[in-house]
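Survey of secondary and tertiary structure
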Amino acid sequence: MECIYKSSERHIHLKFVVVVLFFFLLWSNSLSAQTDSIQLKNGDLIVGQLKEMKQNIALFETDYSNTDFKIKWNEIKNVKTQTIYLITLSAGKRYTGHLESVSDDVVSVINQHDTLVRSKINDIVFLKKIDFDFWSNVNVSLSIGYNFTKANNLSQYSVRSNLGYRAERWSALSRYNHIISAQSDVSSTQRLDANLIYNRFLKKNWFLLGEVNWLSNTAQNIDLRTVSKAGLGKYIIQTNSLYWGLQTGISFNNESFSVEGQNTYNNSSEAFLGTEVNFYDIGDLNLLSRVVVYPSLTESGRWRTDFNLDVKYDLPLDFFINFGISLNYDNQPVRGGSETDYIFQTTVGWSL
């Protein structure tokens, strides 16, 4: 009996040690995850984990909040982190390291024990905690809209979505935008545009561009237009309030049309010149505009233009309202198609 009692007692002690060790590891991991600190210009000090910063908004996680704090980056005076980040400066230089302020509004980027650069805090335009899992670098947004008019039984469905991935030296983005309109005694119409974009970041805010666009549009009798692009771009301005970039290169245009029930095909080569501007330090609003002009290299006198404008208004819990305008112009459309087609969209969505 005494032997059984001692064995049982040792078993209880072992279980107790395991439980204590488990809670100690949990507590120590919690401490190690909350090792970053920021001081705001109003003097407030916040301790937790700085997860990322983009478009002048820093996400900061603490133990005492169920949701991450969203803090304006230009309101931060001092920062010190143990977390390692991918960091981009306004001049286009990219670094990997942690942050430590050396004075008010001046911070060092440190890798191991080496100082890589000293910079003003506001010259940091992007930072993201380095994680080794795939999903931590993914950005997703989805918005949908629906309109109905009783007078003519007009129904319109809208879907807009984005899926992006950003690594240290490259980024990839896909967009999908689809509208279907159905009306009594009238053939349904639809407009679908989508693209895949790859950017390879170079020095001094230059980047290589590879892109594929698809467009299907009943108003212009386009069954499918596929445009493959390769070129070079540069961010002229990149700050915590906005970015503005230019791009140029060559594209290959493959088109199929429906003309009086017959399918016709056309292939051509084009140059392209585009610009994109994004304003994001305007309260809860985000304004993004893109315009690309395609002068044809193989069809005399032909040129096309694609224009997009998105105004996004942020709501609580990562929801948003999006107002969008898309316009396509072709000065030599297929027979029966219109030169210009444009749409206005209002959708409600969610982003991650």
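Described below are features of the structure shown in this document. (Residues numbered from 1 in each chain as written. Predicted model: local features only at pLDDT ≥ 70, side-chain atom pairs only at ≥ 80, totals over all residues. Heavy atoms only, no water.)

Quick look at the overall build of the protein chain now. Of the regular secondary structure elements, the protein chain holds 1 helix and 22 strands. Counting all 352 residues of the protein chain, 39% fall into the buried class. Sequence-distant contacts in the protein chain: of pairs separated by 6 or more residues, those separated by 24 or more amount to 48%. Here the protein chain has roughly 20,000 Å² of accessible surface; of this, 60% comes from carbon and sulfur atoms. (Helix = DSSP H or I, 4+ residues; strand = E, 2+ residues; numbered from the N terminus. Buried < 20%, exposed > 50% of the residue type's maximum accessible area, 1.4 Å probe, protein only. Contact = heavy atoms within 4.5 Å. Areas by Shrake-Rupley, 256 points an atom, 1.4 Å probe, with all protein chains shown as cover.)

Below, the discussion takes up the packing of aromatic side chains. Taken as a whole and judged by the stated rule, the model has 10 aromatic pairs. Between F272 and Y294, the ring centres sit 6.5 Å apart and the planes meet at 45 degrees, which makes this aromatic pair tilted. Of the two residues, F272 sits in strand 18 (residues 262-282) while Y294 sits in strand 19 (residues 285-295), which places them 22 residues apart along the sequence. Classification of Y294 as buried rests on a relative accessible area of 1%. (Phe/Tyr/Trp six-rings, centres within 6.5 Å; stacked < 30°, edge-to-face > 60°.)

Here we come to a positive patch on the surface. A surface patch of positive charge is lined by K93, R169, R200, K203 and K204. Along the chain, K203 turns up in the loop between strand 14 (186-201) and strand 15 (206-217). (Patch = residues over 30% accessible without salt bridge, like charges linked within 9 Å, V, L, I, M, F, W, Y side chains within 5 Å. Salt bridge = Lys/Arg side-chain N within 4 Å of Asp/Glu carboxyl O. Lys, Arg positive; Asp, Glu negative; His and termini not counted. Charge placed at Lys NZ, Arg CZ, Asp CG, Glu CD.)

Time to look at empty space enclosed by the protein. Vacant regions in the atomic arrangement are exposed by a probe of water-molecule size rolled over the atoms. This structure, assessed with the given rule, holds 1 cavity of 30 Å³ or more. Of the voids in this model, the largest cavity is the one considered here, and its volume is about 30 Å³. Considering the residues around the largest cavity, the lining is formed by G145, Y146, N147, Q156, S158, F344, Q345 and T346. Each residue belonging to the lining of the largest cavity can be placed in one class, and the counts come to 2 nonpolar, 6 polar and no charged. (1 Å grid on protein atoms, 1.4 Å probe; cavity = no way out; pocket = protein on both sides within 12 Å on 5 of 7 lines; lining within 4 Å. Points joined across faces, edges and corners; volume = space filled by probe spheres on them. Nonpolar A, V, L, I, M, F, W, Y, C, P; charged D, E, K, R; others polar.)

Applying the stated criterion across every chain yields a total of 14 salt bridges. The partner of D310 in a salt bridge is R160, with the nearest N and O atoms 2.5 Å apart. Linking D310 in strand 20 (residues 303-314) with R160 in strand 12 (residues 154-166), this pair joins segments that are 150 residues apart in sequence. Three or more residues are tied together by salt bridges with common partners; here these are R225, E255, E299, R302 and D330.

There is a patch of nonpolar side chains on the surface, built from F279, I282, L285, Y313, L315, L317, F319, W350 and L352 and spanning about 850 Å² of accessible area. Relative to the elements of secondary structure, L317 occurs in the loop between strand 20 and strand 21 (319-330). Looking at L317, the relative accessible area reads 67%, which means it is exposed.

This part takes up the sheet that holds strand 12. Overall, antiparallel pairing links the 12 strands, which are arranged 11-12-13-14-15-16-17-18-19-20-21-22 in a closed barrel. Direction aside, neighbouring strands of the sheet carry axes that sit 20 degrees apart on average. The pairing of strand 13 (residues 170-183) with strand 14 spans 13 bridges and is antiparallel. Among the inter-strand pairings, I179 is bridged to a residue of strand 14, identified as R191. (Pairing = 2+ DSSP bridges. Axes fitted to C-alpha atoms, helices over the stretch in contact; angles between N-to-C directions.)

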